[in-house]
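Given next are the chains, with one letter for each unit.
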2 protein chains.
Amino acid sequence: MTPSDSAPNPMVPHLTTALNGPLLDLEQRILNAQPAIEHWFRTQWQEHTIPFYASVDLRNAGFKLAPVDTNLFPGGFNNLNSDFLPLCVQAAQSAIEKICPEARGVLLVPENHTRNQFYLQNVARLALILKQAGLKVRIGSLLPEITAATTLTLSNGATLTLEPLLRKGNRLVVEGFDPCVILLNNDLSAGVPEVLQNLEQSVLPPLQAGWTTRRKSQHFAAYDRVANEFAQIIGIDPWLINPYFARCGEVDFQAQTGEECLVAQVDSVLQKIRAKYAEYGVKDEPFVIVKADAGTYGMGIMTVKDANEVRGLNRKQRNKMAVVKEGLQVHDVLVQEGVYTFEHINEAVAEPVVYMVDHYVVGGFYRVHTGRGVDENLNAPGMHFVPLAFETCCSLPNPDCAPDDTPNRFYAYGVVARLALLAAAVELEEMAG
Amino acid sequence: MTPSDSAPNPMVPHLTTALNGPLLDLEQRILNAQPAIEHWFRTQWQEHTIPFYASVDLRNAGFKLAPVDTNLFPGGFNNLNSDFLPLCVQAAQSAIEKICPEARGVLLVPENHTRNQFYLQNVARLALILKQAGLKVRIGSLLPEITAATTLTLSNGATLTLEPLLRKGNRLVVEGFDPCVILLNNDLSAGVPEVLQNLEQSVLPPLQAGWTTRRKSQHFAAYDRVANEFAQIIGIDPWLINPYFARCGEVDFQAQTGEECLVAQVDSVLQKIRAKYAEYGVKDEPFVIVKADAGTYGMGIMTVKDANEVRGLNRKQRNKMAVVKEGLQVHDVLVQEGVYTFEHINEAVAEPVVYMVDHYVVGGFYRVHTGRGVDENLNAPGMHFVPLAFETCCSLPNPDCAPDDTPNRFYAYGVVARLALLAAAVELEEMAG
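Conventions and cut-offs
- Residues numbered from 1 in each chain as written.
- Chains lettered and ligands numbered in written order.
- Predicted model: local features only at pLDDT ≥ 70, side-chain atom pairs only at ≥ 80, totals over all residues.
- Heavy atoms only, no water.
- Helix = DSSP H or I, 4+ residues; strand = E, 2+ residues; numbered from the N terminus.
- Buried < 20%, exposed > 50% of the residue type's maximum accessible area, 1.4 Å probe, protein only.
- Areas by Shrake-Rupley, 256 points an atom, 1.4 Å probe, with all protein chains shown as cover.
- Least-squares fit on C-alpha atoms with pLDDT ≥ 70 in both.
- Contact = heavy atoms within 4.5 Å.
- Disulfide = S-S within 2.5 Å.
- Buried area = accessible area lost by both parts, 1.4 Å probe.
- Salt bridge = Lys/Arg side-chain N within 4 Å of Asp/Glu carboxyl O.
- Polar contact = N/O pair within 3.5 Å; in protein donor to acceptor, adjacent residues only side chain to side chain.
- Phe/Tyr/Trp six-rings, centres within 6.5 Å; stacked < 30°, edge-to-face > 60°.
- Pairing = 2+ DSSP bridges.
- Axes fitted to C-alpha atoms, helices over the stretch in contact; angles between N-to-C directions.

1. What about the overall build of chain A?
Helices and strands together make up the secondary structure of chain A, namely eight helices and 18 strands. Every one of the 433 residues in chain A was classed for burial, and the buried ones make up 62%. Here chain A displays about 15400 Å² of accessible surface, and carbon together with sulfur accounts for 49% of that area.

Right under this line is the structure:
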């Protein structure tokens with residue numbers, strides 16, 4: 001999710017939405033059912049422990065609006081429209097009240113990207129949100145080279161002080177600061193560092209939300225159930241908000257084992273999509289995304305339109321698929337229905353990313369990329385995406401307005417993103433026990 | 001609180017704050033103690049049931065920042081900066097989750113001012129907030145002349161449909177709509193109408209929050225305790241955030257009884273203020289505000305600088321004091337320390353009003369009035385106030401910024417307003433027994 005090398009300034013025009021024209025049937029149905037939807041969400045929030053924060057990548061194919069990735073360590077708070085900062089602060093206060101009302105101090109543990117200005121701006125923004133929510137905030141780094149407090153000046157003028165993490169028995173501290181809560185903004189792709197193990201403090205999100213233990217297939221299995229229940233409430237085919245998926249364990253791209261499982265699963269998912277496309281009269285060519293079941297950063301991802309494409313991959317393709325962030329080896333593979341994105345800004349493909357704190361939608365942005373097709377992953381290594389903040393927030397649907405009113409479109413995005421958030425809550429509960 | 005005849009357009013410039021210059025010592029102390037303050041508030045919100053909404057009139061004398069009135073049926077949502085509408089919606093969702101998560105429909109019961117465009121715009125705004133929070137909303141009128149659904153077109157183009165209230169056993173309904181919750185935006189100055197009595201539905205705020213039973217003196221007695229506890233936390237003299245007050249019962253302005261009590265109390269409060277002014281080197285002349293202990297709308301209010309002024313009032317003065325809104329007779333009188341307001345916009349005196357939904361500060365505005373002095377009540381009948389929306393919200397303090405940064409000033413306003421809200425919660429609990 002982190003914009004590893006975004007363009008420095010979003011120079012594209014501030015369109016309010018990338019998809020113009022009247023609301024599509026699905027969006028209209030979601031809008032019409034708003035009171036029922038919000039009532040249902042309220043009961044769900046009461047029954048589940050909601051992650052502290054999350055971001056969800058959506059794809060809007062017009063006939064279908066679905067989440068394709070749910071990130072529990074969102075890294076782009078700096079990309080949100082700063083006008084909605086108060087929403088983040090209010091939502092953070094709500095989260096703290098529910099999860100750790102006694103907390104006074106929070107230690108933020110970020111990723112180790114100290115040279116990535118965009119990521120560091122995200123950390124600075126997150127620290128500001130927590131401070132404005134009324135907490136004392138310090139930033140503890142896992143980097144071995146941070147041996148003393150180190151202040152970085154960011155390209156936007158903000159400063160950020162990273163401090164070395166210390167253990168005091170079962171407590172994680174930094175010099176002169178013993179926090180009540182540890183907030184992870186690190187997805188633990190490299191495993192759970194010893195310094196974070198067996199802590200007596202609350203760790204948010206819990207350690208099992210890291211990619212050492214988390215699996216996309218488990219998330220989307222939970223999403224299946226959430227989407228089915230939701231679809232029943234508003235009377236739609238759950239497929240309209242849910243991508244098909246399948247999983248292959250024991251794949252080794254380097255040793256070329258597990259290939260048959262992959263071919264079979266890709267074929268099976270493509271067939272299911274074909275049947276749905278026929279049912280709905282969709283003329284596009286079905287495709288699947290093959291990606292690591294654990295991991296992030298758009299590494300280890302392929303777009304596949306024919307099962308034979310995953311047979312006999314060449315060395316370059318195998319290398320690309322075999323390893324994700326931090327050198328984590330890929331063994332489990334997710335085969336996910338590809339959802340076309342029909343949102344464009346000028347000539348560029350745009351993918352909405354929705355941000356949530358507690359169960360509140362606090363903003364979002366478009367990942368806009370000029371060099372990629374409608375069927376490709378927009379979060380690929382080296383991508384030059386432009387973050388384009390949503391101009392309105394996602395919580396202002398107005399049934400009395402014209403159906404193509406922008407807030408109405410964003411409302412649908414906020415609903416589907418919250419479904420994915422709810423699935424993440426269910427997923428974490430299942431992992432916990 | 002309702003702007004009974006505001007100017008149609010706020011033509012004054014959109015200053016970010018009426019009080020310029022560096023943050024005063026008190027504001028700086030509040031800012032410095034932010035983590036301790038928010039931690040304390042969190043524990044308070046857990047211990048008390050917070051009113052659905054409230055607005056608080058503040059006065060900023062520089063050395064002193066205090067609430068002078070707490071309204072549990074706020075009537076100026078239309079005056080808030082519409083950029084912060086998402087904050088209102090998010091806070092309303094939070095309130096609904098806590099108070100009535102099962103609610104699907106809400107019936108809003110407004111005041112009977114069908115000819116007051118500004119008040120009707122407030123009702124329309126409130127209905128929109130509730131709709132956007134995901135509820136079905138209808139508006140039920142207490143007016144006998146509303147015998148069928150009546151749609152009003154407001155001067156800002158919005159429409160509002162008022163419907164006659166009906167009883168179905170112990171349920172309050174309108175035609176074809178049986179709500180889960182009744183939200184009062186009517187302060188019940190005329191008593192609790194029979195149609196609202198003995199309802200099985202939740203009524204928010206509770207009926208005892210109406211002026212039939214509520215007393216300002218009880219609110220400020222609760223505020224005394226809240227302010228004392230808070231003052232201890234940040235190490236200040238509680239007087240700096242708390243106006244002295246006293247109460248006289250059994251006053252009859254028409255029959256001229258109870259005058260001696262009033263003279264004695266006015267004198268006593270003035271003496272206490274004099275001592276504090278001497279202690280702090282304040283050169284201004286102490287004054288008190290004499291007002292009805294129950295009631296609103298700035299009726300029945302006098303500014304008094306000498307106890308003898310309340311002796312032998314002439315007929316006109318007595319008439320002015322004897323009756324408040326809806327012809328409610330004044331018997332109990334509050335003598336409240338007057339707090340100078342040193343906030344100005346151009347030549348005009350400005351009084352900040354802070355709005356809250358649940359325990360979240362969602363915005364505010366200035367009551368700006370050119371024809372009044374710094375020691376007068378700005379919410380008087382016939383006043384021509386200009387609502388000037390706060391340009392920033394109150395929840396974004398930034399300790400890293402210059403102390404005269406605007407958000408920092410507004411943070412202090414939000415803190416003191418929340419203290420008054422907390423006092424209202426305590427007050428309602430005491431009334432409920």
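2. So, the relation of the copies chain A and chain B
Mapping chain A onto chain B leaves a residual RMSD of 0.0 Å; the transformation is a rotation of 180° accompanied by 0.0 Å of translation along its axis. In the structure described here, the two chain copies are related by an operation that fits a two-fold rotation axis. For chain A, the minimum C-alpha distance to the rotation axis belongs to Leu87 of chain A and amounts to 3.0 Å. When the interface residues of chain A are mapped onto chain B, 100% of them again fall at the interface, so both copies present the same face.

3. Details of the state of the cysteines
Each disulfide consists of one covalent bond between the sulfur atoms belonging to two cysteines. Per the stated rule, a full pass over the model turns up two disulfides over all chains. Between the sulfur atoms of Cys248 of chain B and its disulfide mate Cys261 of chain B the distance is 2.4 Å. Between Cys248 of chain B and Cys261 of chain B, the S-S torsion sits near -100°, and that sign places the bridge as left-handed. Taken together, the positions of Cys248 of chain B in strand E11 (residues 245-248) and Cys261 of chain B in helix H6 (residues 259-280) put the pair 13 residues apart, joining distant regions of the chain. A relative accessible area of 0% places Cys248 of chain B in the buried class. Between Cys100 of chain A, a free cysteine, and Cys180 of chain A, which holds the nearest cysteine sulfur, the sulfur-to-sulfur gap is 8.0 Å. Judged by relative accessible area, Cys100 of chain A falls into the buried class, the value being 10%.

4. Remarks on the interface of chain A and chain B
In this complex, chain A contributes 41 residues to the contact, which on the side of chain B involves 41 residues. The contact between chain A and chain B buries some 3500 Å² in all, and 50% of this surface belongs to carbon and sulfur atoms. Together, Arg42, Gln90 and Glu97 of chain A form the three largest contributors to the area buried by chain A at its contact with chain B, with a combined 20%. On inspection of chain A and its partner chain B, the count reaches one salt bridge. One can count 18 residue pairs in polar contact (both at pLDDT 80 or more) joining chain A with chain B. Put simply, the parts of the chain that give the side of chain A that touches chain B at least two residues each are helix H2 (34-47), helix H3 (85-99), helix H4 (117-132) and strand E17 (360-369) of chain A. In terms of residue count, H3 of chain A provides more of the side of chain A that touches chain B than any other element does, eleven residues in total.

5. Structural notes on the packing of aromatic side chains
Where two aromatic rings form a pair, the distance of their centres and the angle of their planes describe that pair. The tally for this structure, following the rule as stated, stands at 30 aromatic pairs over all chains. For the ring pair Phe63 of chain A and Trp239 of chain A, a centre distance of 6.0 Å and an interplane angle of 25° mean the geometry is stacked. Note that Phe63 of chain A is positioned in the loop between strand E1 (53-60) and strand E2 (65-71) and Trp239 of chain A in the loop between helix H5 (216-234) and strand E11 (245-248), a separation of 176 residues in sequence. Trp239 of chain A sits in the buried class, given a relative accessible area of 4%. Geometrically, the ring pair formed by Trp239 of chain B and Tyr280 of chain B is stacked, given 5.5 Å between the ring centres and 25° between the ring planes. Here the residue Trp239 of chain B occupies a position in the loop between helix H5 (216-234) and E11, and Tyr280 of chain B occupies one in helix H6, the gap between them amounting to 41 residues. On the basis of relative accessibility, which here comes to 34%, the residue Tyr280 of chain B falls in the partly exposed class.

6. Side note on the pattern of salt bridges
Residue and element names in this part refer to chain B. All told, the structure shown has 37 salt bridges over all chains when counted by the stated rule. For Glu200, the salt bridge identified is with Arg171, shortest N-O distance 2.7 Å. Within this pair, whereas Glu200 is found in the loop between strand E9 (181-185) and strand E10 (202-204), its partner Arg171 is found in strand E8 (residues 171-173), the two being separated by 29 residues in sequence. With a relative accessible area of 22%, Arg171 lands in the partly exposed category. Close ionic contact of Glu279 with Lys276 constitutes a salt bridge, the shortest N to O distance being 3.3 Å. Of this pair, Glu279 and Lys276 both sit in helix H6, three residues apart, which is roughly one turn of the helix.

7. Overview of the side chain of Gln44 of chain B
Mapped onto the elements, Gln44 of chain B comes out in helix H2 (residues 34-47). Classification of Gln44 of chain B as buried rests on a relative accessible area of 8%.

8. Looking at the sheet that holds strand E13 (residues 301-304) of chain B
Residues and elements named next belong to chain B. Taken in spatial order, the four strands make up an open sheet running E11-E14-E12-E13, and their pairing is antiparallel. Looking at strand neighbours, the two that pair on one side only are E11 and E13, the edges of this open sheet. Pairwise comparison of adjacent strand axes, ignoring direction, gives a mean angle of 20° for this sheet. As judged from the four bridges shared by strand E12 (residues 288-292) and E13, these two strands associate in the antiparallel manner. The residue bridging Val290 from the neighbouring strand is Met302, located in E13. Against the sheet, H5 touches E11, E12 and strand E14 (333-337), its axis set at about 150° to E11.

9. Quick word on the pairing of E1 of chain A
Residues and elements named next belong to chain A. Extensive coverage of E1 is indicated by the burial of eight of its eight residues. As paired strands, E1 and strand E16 (residues 348-357) are joined by five bridges and run antiparallel to one another. Bridged to Asp57 within E16 is Val353. Sheet topology places E1 next to E2; six bridges connect them, and they run antiparallel. Opposite Asn60, over in E2, you have Leu65 as the bridge partner. Counting the residues that bridge the hairpin from E1 to E2 gives four residues, and of these Gly62 lies at a positive phi of roughly 90°.

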